[in-house]
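Overview (structure and organization)
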Amino acid sequence: MTQVDPKIRAAINGAQGEAAKAGTRKCLMSRREFLLTSGIATSVVMVGVPGLPQAQTPAVVSTYPRKLIAKLSELKVDEPFDFEYPDEGEYAESILIKLGQEAGGGLGPNKDVVAFNYTCTHQGGPLQGTYQAADKALGPCPLHLTTFDLTRHGIFIAGQAYQSLPQVLLELDGDDIYAVGMFGLIYGRFDNLQG
């Protein structure tokens, strides 16, 4: 790092010691020096120092179970089908629904079959029995009246929630509908697979 010209440092700190007389600390580093030094320090931390041993912790990969949920041919428009996923633990209750109109993440020939977790993302209110066929929505939540749009990946329409409902990722194998993963974190969990 290059040294700052003493005349420039004196101009910044006051040529006659004005900064010291005013009770302020002297500036030991210019803004440019600070940015350059912090950039170099960040690079060293991010890239690592050559010769130091690397971390020995392997990456953890979560694998969701593949679970048979229902038959596509047996689903009727606007008739919810309840199931549990990704496990049978707390907050695992979910809804599978054929909406009758195309939806984000939808499955089937009309891309209208979707599944979501039944737990409100705000404070964990139960959403069972709140499906609104006319609006293709789930809610309002009994705690704070949050409602979620099932045609748009479970985004909240109104209420206190600030996150969409966790969407169950589906796979179609012939006529069989399988749950294969989750998009979003289930309320009350730090990891969807550790219910």
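Summary of the structure given here. (Residues numbered from 1 in each chain as written. Predicted model: local features only at pLDDT ≥ 70, side-chain atom pairs only at ≥ 80, totals over all residues. Heavy atoms only, no water.)

Description of the pairing of strand β4 (residues 113–117)
Stated formally: Each residue is placed in one exposure class: buried if its accessible area under a 1.4 Å probe, protein chains only, is under 20% of its type's maximum, exposed if it is over 50%, and partly exposed if it falls in between. The secondary structure listing takes helices from DSSP runs of H or I that are at least 4 residues long and strands from runs of E that are at least 2 residues long, numbered from the N terminus. We call two strands paired when DSSP finds no fewer than two bridges between them.
Where burial is concerned, most of β4 is hidden: five out of the five residues are buried. With five bridges connecting them, strand β3 (residues 93–98) and β4 associate as antiparallel partners. Pairing of Lys-98 across the sheet is with Val-113, part of β4.

Here we look at the packing of aromatic side chains
Selection criterion: The rule is short: rings of Phe, Tyr and Trp, with Trp giving its six-membered ring, pair when the centres are within 6.5 Å, and they are stacked under 30 degrees, edge-to-face over 60, tilted in between. The criterion is that NZ of a Lys, or CZ of an Arg, lies within 6 Å of the ring centre and within 35 degrees of the ring normal, and then a charge sits over that ring.
Going through the model one piece at a time under the given rule, you end up with two aromatic pairs. Judged by centre distance (6.5 Å) and plane angle (25°), the ring pair of Tyr-64 and Tyr-85 falls under stacked. With Tyr-64 in the loop between α3 (31–47) and β1 (67–71) and Tyr-85 in the loop between β2 (81–84) and β3, this pair connects stretches of sequence that are 21 residues apart. Aromatic pair Tyr-91 and Tyr-187: ring centres 5.5 Å apart, planes at 90°, arrangement edge-to-face. With Tyr-91 in the loop between β2 and β3 and Tyr-187 in the segment after β10 (176–183), this pair connects stretches of sequence that are 96 residues apart. Its guanidinium or amino end placed over the ring of Tyr-178, Arg-66 lies 3.8 Å from that ring's centre, counting from NZ or CZ.

Any link to function would need more than the numbers given here.
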